[in-house]
Amino acid sequence: MNVRVQNLRKYFETSAGVLKVIDNANLTVEKGDFIAIMGSSGCGKSTLLFLLGCIDVPTFGSIYLDNVEVTEADESTREKIRLYNIGFVFQNYNLLPTLTVLENIILPMQLGDTFKGQREARALALLRVVGLEDKRDDKPTNLSGGQQQRIAIARALANKPGLLLADEPTGNLDAKTSRELMQVLRSINETQEVTLVMVTHDPKSASVANRIFYLENGQLRGTLV
Amino acid sequence: MFVFISLAQKNVTRKKERSALTIIGVLLAVAATISLVSIAEGLYERLNYEINLQDVDIYVLPKSSSFLPAGSMGAIGSGSLIVSREYINQIKSIAGVKDVTGITRLLATAGKEKVGVVVWGIIPDKMNIFFPKIEIQEGDFFQKTNDLIIGPQISRELKIDIENQFPISQVNFNIVGKTYPVYSFEDYACFISLDDALTVQRTQGVQEIWVQVADDSSSGEIDNIIKTIRKEMKDVTVKTKVEYLGDANHFVALVRLLQYAISAIGILIAITASMNTMLMSTYERMDEFGTLRAIGASRFFIFSMVLFESLFLSFIGGILGVLLGFLGSGLFNDAIVTLLKLSFPVSKVTFRLIIEALMLSIGVGLLGALIPAFIASRMEIIKALRWE
Ligand SMILES: Nc1ncnc2c1ncn2[C@@H]1O[C@H](COP(=O)(O)OP(=O)(O)O)[C@@H](O)[C@H]1O
Ligand SMILES: [Mg+2]
C-alpha cells in the first residue's frame, strides 16, 4: 500500500490556546517501503500515526492510501479500512487481557469475518513469524514486554493489511529486546509485502528502516539512511 | 460473528466481587418481586378455584356494581347495592331456567378474639345445588330459622361445633351442620338461610342472584335467558360465568400491577446498581475499547459487548433470583398461612411469573447498560486510547 500525506494539519483546542501539533506535513511512502519517523517526545508522532491509521481525523489536509482519499470517508468506511487494510502496533502493546495469545491474534479475523476455517492455522503461522508458537495459550499478562509486542505485531498482521503502523514499538523495551523486535519488523517488511511506517525516538530502532523522517514543529523532513 | 458475546462473557469474570454484587442486586430485586407478586398469582388461583366451587351459569348483579371479588372474599366489599328479591321468582319462571337462588354475604365476628367470619345467605335447599362440591360431614343442612352450617376450619379455630351457638348481630344461630373441607375460604365461612341473612341485614334485596340453566351446554340458551333477564329487569347486570371469572381476573391483574409497582423500588435500585457497575467497568476499560475500535471494531460491536456483559450479570441474577424467589414466596406463604391459620396456600410461583421475572432481569440489565454502552461506543478513539 502506498501512502501520501498532503498539507496535513492537526490542531488541538486546549485551555492554553490552539496547539498546532501537525502543521502542514507532507509525506509519500511507496508500497513495500519501511520508513521511520523520529521526533522528541510530545512532538506529535502518535498524533500523526493516528491520522494515518484512520483513528483520528485531521483539521486540514488529505491522506491518500493507495491513492484513495480517506480523511473524508465516513466512519463505517474508516472502520473497514482500519480492520482490513491497516495494522496498528501500540507502544503499550494493547493486547486484550481476557484473551489468550492465540485469541488475540484471531480477534481481527473474527471482527472482519475473514479467513474462515483457517483462522487458527493463520494465527499460528503468524506466531511462528514472530517466534512465539509456544505461547499460544498464555495470557498476555504472563508475557514479557518484548513478547507482548511480538504478539501485538502478529495481531496487526491478522487481516493481511497493506500498511503496518507502529507507534514506538520498542519504547518500553531494553536495547537487546528492541534489536530483536526490529529484526522481526524488518523481516516482516521483507516477506509479508507490507508497507511499514514506524515512529520512534530511538535512533537505533530507526536505523533499521529504509528511510528516516523527522517530525519537527509539526512538519516532516526526510533524509536517507 | 458474535465475538462480542464471548468477549463480554470473559469480561464479567474479571472483577469477580463487583460482578457478584451486581448479580446480588438483580437477584434481590427479582426475588422480592417474585415473593410479592406470587401473592397475586395465589389470589388468582384462589379466586378461580372459589368461583369454580359454584355451579352457576348466570350471575345477576346489581346494576353498576363494580367488580367485587367473588365468593367469600366478596363479603367485605359487598356494599349496599342490592338486587330485588322479587327477581328470584321472576327469573325462575323464564323458560330454560333450572334453578335460582339469591345470595347474600355478611360479615360476623365470633369468638373471644372477634374473628371476622363470612356468612353466606342462600335458599336452604339450594346449597347443595349451587355448591355441589361442599358436602356435609356432620349434621345436616339448615331447615329451621336460625339454623347454621359451619365450615370445618372456623369450627376448629373457634372450638365451636354442632349443637353450639353462633351469634350473628346479637342473634344466636344454632349450628346444625358442618361441611367437609374444600381447602378454600368456604372452610372458614358459615351458611345460613337467605331469609335469616336478610333479617339480620334488615334488607329486602339480595347481593346476587345465581342461575342454573337446564341445558348449560348450549350457549344459545344461556344467551336467550340473559336477554330475557336484561329485558325484564332494567336495574341489574347480567354476567355469564366466563364474564364473572373475567372480572375476577381483571381484579387480580390490578393487584398484580400494584405489587409490581411496589417492587419497582427494588427494581430501580437494581438498575442503578447494575448501571454503576457497568459505568465503573466501562471507564476502567476505556483503553481496551479504544484498542478494539482502533483495530476495526465498530461502535455497534462495542455497544453490544457492554450490553451483553450487563445482560450476563443480570440474567444470572435473574435465575438465582427466581430460585430465591421460590424460597421467599414459600416462606411468605408459610408465615401468612400460619398466622391466619389457613388451610390453603396464599401464594403461588407460576410459570408466567418466572418468565416475567426473567424478563425483568433482562430489562434491568439492558437499562443498566444503556448509558455505559453508549459512552463506551461513542468515545473518540484517541481519547479512549489515551485514557488514564
Ligand atoms: N486530544 C488532545 N487534546 C489536546 N492535546 C493533545 C491531544 N492529543 C495530543 N495532544 C497533545 O499533542 C502533542 C503531541 O502528542 P503526541 O502525538 O502524543 O506526541 P508524541 O507521540 O510525539 O509523544 C502533545 O503535546 C499532547 O499533549
Ligand atoms: Mg506517542
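Before reading on, note that the structure itself is shown above.
Residues numbered from 1 in each chain as written. Chains lettered and ligands numbered in written order. Predicted model: local features only at pLDDT ≥ 70, side-chain atom pairs only at ≥ 80, totals over all residues. Heavy atoms only, no water.

Explain the sheet that holds strand β4 (residues 60-65) of chain A residue by residue, including any values.
Picture the strands of a sheet paired through backbone hydrogen bonds; they go either parallel or antiparallel. Residues and elements named next belong to chain A. Pairing within the open sheet is antiparallel, and its four strands lie in the order β2-β1-β4-β5. Two strands lie at the open edges of the sheet, namely β2 (17-29) and β5 (68-69), each paired on one side alone. As defined by bridge partners, strand β1 (residues 3-14) adjoins β2 across ten bridges and the pair is classed as antiparallel. For T14, the partnering residue across the bridge sits in β2 and is G17. (Pairing = 2+ DSSP bridges. Helix = DSSP H or I, 4+ residues; strand = E, 2+ residues; numbered from the N terminus.)

Let's hear about the interface of chain B and chain A: which residues, and what values?
Across the contact, 20 residues belong to chain B and 22 residues belong to chain A. Approximately 2,000 Å² of surface area, both sides summed, lies buried where chain B meets chain A, with 68% of it carried by carbon and sulfur atoms. Considering only the surface of chain B that becomes buried against chain A, K10, I295 and I382 of chain B emerge as the three largest contributors, covering 28% of it. Linking chain B with chain A are three salt bridges, by the criterion used here. Counting across the interface, chain B meets chain A through six residue pairs in polar contact (both at pLDDT 80 or more). (Contact = heavy atoms within 4.5 Å. Buried area = accessible area lost by both parts, 1.4 Å probe. Salt bridge = Lys/Arg side-chain N within 4 Å of Asp/Glu carboxyl O. Polar contact = N/O pair within 3.5 Å; in protein donor to acceptor, adjacent residues only side chain to side chain.)

Describe a nonpolar patch on the surface, listing the residues and the values that go with them.
Residue and element names in this part refer to chain B. A cluster of nonpolar side chains, F315, I316, I319, L320, L323, I362 and L366, forms an exposed patch at the surface whose accessible area comes to about 540 Å². Elements with a minimum of two residues in the nonpolar patch: α10 (299-340) and α11 (351-378). Structurally, I319 can be placed in helix α10. (Patch = residues over 30% accessible without salt bridge, like charges linked within 9 Å, V, L, I, M, F, W, Y side chains within 5 Å. Areas by Shrake-Rupley, 256 points an atom, 1.4 Å probe, with all protein chains shown as cover.)

Kindly report on the packing of helix α9 (residues 286-294) of chain B against α10 of chain B, identifying the contributing residues and their values.
All names here are of chain B. Following both chains from N to C, one finds α9 and α10 inclined at 145°, their axes separated by 9 Å at the closest point. As for how α9 packs across α10, the hand of that crossing is right-handed. Residues F289, L292 and R293 of α9 form the contact with α10, whose participating residues are R299, F301, I302, M305 and V306. By residue class, the composition of the contact of α9 with α10 is six nonpolar, no polar and two charged. (Axes fitted to C-alpha atoms, helices over the stretch in contact; angles between N-to-C directions. Left-handed = near helix turned anticlockwise from the far one by under 90°. Nonpolar A, V, L, I, M, F, W, Y, C, P; charged D, E, K, R; others polar.)

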